[in-house]
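Tertiary structure, described
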Amino acid sequence: TTTTEATQAPARVLLAGDSLMHDSVPAIQAALATSSAAAVVSEFRVQPARNRTDEHRAGWEPWVEAWGPDIVVEYMGYWETLAAILGSVPVVDDGFAEVYRAEILRPWFDHLERIDADVVVLATPPNGRATVDPLTPIVIAAVVAEAAARPRVTVLHTADVLAPEGHTELLADPRTGEIERIRRIDGLHLCPDGSELVADLLVAHLESAYPERFRFDGDPSGAGWRAGDWRGALPIDLAVECPPVP
């Protein structure tokens, strides 16, 4: 007897973004590895083609096309608030959203559509930084507006799991109620428990949207991966960066 599971090619998932995605990668990869429907091949690359320069995009687009992802997952929002992404077009300018969509999002999403890849955007949450937090909603609104016209682009708001009531470094585990440290002492980057929440958000979406390729027996977020070695994968001193909850 043949089954779909036996013949289906592995799903190829590209994880891309800045340091917040870097923090999330170990948890996401561990969770995806527990899918029982199909093997998952994942790859991580920093800073996809969301830069204005032709040189940056020329390096990214052929690499992504050659790797051939089925799904590109991008952590977006924080980096875009910084000057490096659009140079002379500050986020506070009235024309920012259109420039961002026209020069960054449309060409990039068009390219991913041409190579037959779906896109999942992990929209960054509030981060407690006074110079950045007012800008983040402007960036995310532009992403949401562009995604609304694209059936193959989905936006997941990490604020739903990392900052349901605003920026915080300590949060109750939604499964156990135990207070956990989700952010490092810098208030921005993620501790393992924060990365776990991001992985839960993504995995729940993948299981719902692609049931034939992502199935996690029992717990819809693949509970078996939570205590894995991935918790020590980041090259940081966890005792210092993520001290125990007082």
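Just so it is clear, the structure is predicted and the values come from calculations on it, not from any experiment.

Points about the state of the cysteines
The full count for this structure, using the stated rule, is 1 disulfide. Across the disulfide from Cys-191 sits Cys-242; the S-S distance is 2.1 Å. Classification of the bridge connecting Cys-191 and Cys-242 rests on its S-S torsion, roughly -105°, and on that basis the disulfide is left-handed. With Cys-191 in the loop between β7 (179-181) and α8 (192-209) and Cys-242 in the segment after α9 (238-241), the pair connects residues that are 51 residues apart, well separated along the chain. For Cys-242, a relative accessible area of 15% translates into the label buried.

As for the packing of helix α3 (residues 54-67) against helix α5 (residues 96-114)
Direction vectors running N to C along α3 and α5 enclose 25°, while the axes themselves pass 10 Å from each other. Comparing their axes, α5 and α3 come out roughly parallel. The interaxial crossing formed by α3 with α5 has right-handed handedness. Touching Arg-57, Trp-60, Glu-61, Val-64 and Glu-65 of α3 are Glu-103, Ile-104, Pro-107, Trp-108, His-111 and Leu-112, all from α5. Taken together, the residues of the contact of α3 with α5 sort by class into 6 nonpolar, 1 polar and 4 charged.

Considering the packing of aromatic side chains
With the rule as written, the count across this model stands at 6 aromatic pairs. One aromatic cluster in this structure is built from Trp-60, Trp-63, Trp-67 and Trp-108. Over the aromatic face of Trp-67 sits the side chain of Arg-12, whose NZ or CZ is 4.2 Å from the ring centroid.

Some words on a nonpolar patch on the surface
Taken together, the side chains of Leu-170, Ile-179 and Val-245 make up a nonpolar region of the molecular surface, amounting to roughly 200 Å² of accessible area. Tracing the backbone shows Val-245 in the segment after α9.

As for the nonpolar core
In terms of nonpolar packing, the biggest core is built from 37 residues, with Leu-15, Met-21, Ile-28, Leu-32, Val-73, Tyr-75 and Phe-214 touching the most fellow members. Of all the elements in the fold, those that place two or more residues in this core are β1 (11-17), α2 (19-32), β3 (71-76), β4 (118-123) and α8. A per-element tally of this core places α2 first, with 8 residues. By size, the runner-up hydrophobic cluster in this structure holds 29 residues, among which are Leu-14, Trp-67, Ile-115 and Ala-147.

Some remarks on the pairing of β1
Along any regular strand the residues' side chains alternate between the sheet's two faces. Burial within β1 is extensive, with 6 of its 7 residues counted as buried. For β1 and strand β2 (residues 40-46), the ladder comprises 7 bridges, and the chain directions are parallel. Bridging from a neighbouring strand, Val-13 pairs with Ser-42 of β2. Bridge count between β1 and β3: 5 bridges; the pairing is parallel. Each bridged residue has a counterpart across the sheet, and for Val-13 the counterpart in β3 is Ile-71.

Re the confidence of the model for the chain
Averaged over every residue, the pLDDT of the chain is 87; the share at 70 or more is 90%. Model confidence for the chain, summarised as mean pLDDT per element, is weakest for helix α1 (residues 4-7) at 49 and strongest for strand β5 (residues 153-157) at 98. Contacts of residues 1-6 to residues separated by more than four positions or lying in other chains number 3 contacts, the stretch itself having pLDDT below 50.

Some points on the sheet that holds β4
For sheets, the rule is that strands pair by backbone hydrogen bonds, running either parallel or antiparallel. Overall, parallel pairing links the 5 strands, which are arranged β2-β1-β3-β4-β5 in an open sheet. Every interior strand has two partners, whereas the edge strands, β2 and β5, have only one. Direction aside, the axes of adjacent strands within the sheet are offset by 20° on average. Relative to the sheet, α5 contacts β3, β4 and β5, its axis offset from that of β3 by approximately 155°. The strands that α8 touches are β3, β4 and β5; relative to β5, the one it contacts most, it runs at about 145°.

Here is what the cut-offs are and how they apply
Residues numbered from 1 in each chain as written. Predicted model: local features only at pLDDT ≥ 70, side-chain atom pairs only at ≥ 80, totals over all residues. Heavy atoms only, no water. Disulfide = S-S within 2.5 Å. Helix = DSSP H or I, 4+ residues; strand = E, 2+ residues; numbered from the N terminus. Buried < 20%, exposed > 50% of the residue type's maximum accessible area, 1.4 Å probe, protein only. Axes fitted to C-alpha atoms, helices over the stretch in contact; angles between N-to-C directions. Parallel < 35°, antiparallel > 145°, perpendicular 65-115°, else oblique. Left-handed = near helix turned anticlockwise from the far one by under 90°. Contact = heavy atoms within 4.5 Å. Nonpolar A, V, L, I, M, F, W, Y, C, P; charged D, E, K, R; others polar. Phe/Tyr/Trp six-rings, centres within 6.5 Å; stacked < 30°, edge-to-face > 60°. Lys NZ or Arg CZ within 6 Å of the ring centre and 35° of its normal. Patch = residues over 30% accessible without salt bridge, like charges linked within 9 Å, V, L, I, M, F, W, Y side chains within 5 Å. Areas by Shrake-Rupley, 256 points an atom, 1.4 Å probe, with all protein chains shown as cover. Salt bridge = Lys/Arg side-chain N within 4 Å of Asp/Glu carboxyl O. Core = buried A, V, L, I, M, F, W, Y, C linked by side-chain atoms within 4.5 Å. Pairing = 2+ DSSP bridges. pLDDT = per-residue confidence, 0-100.

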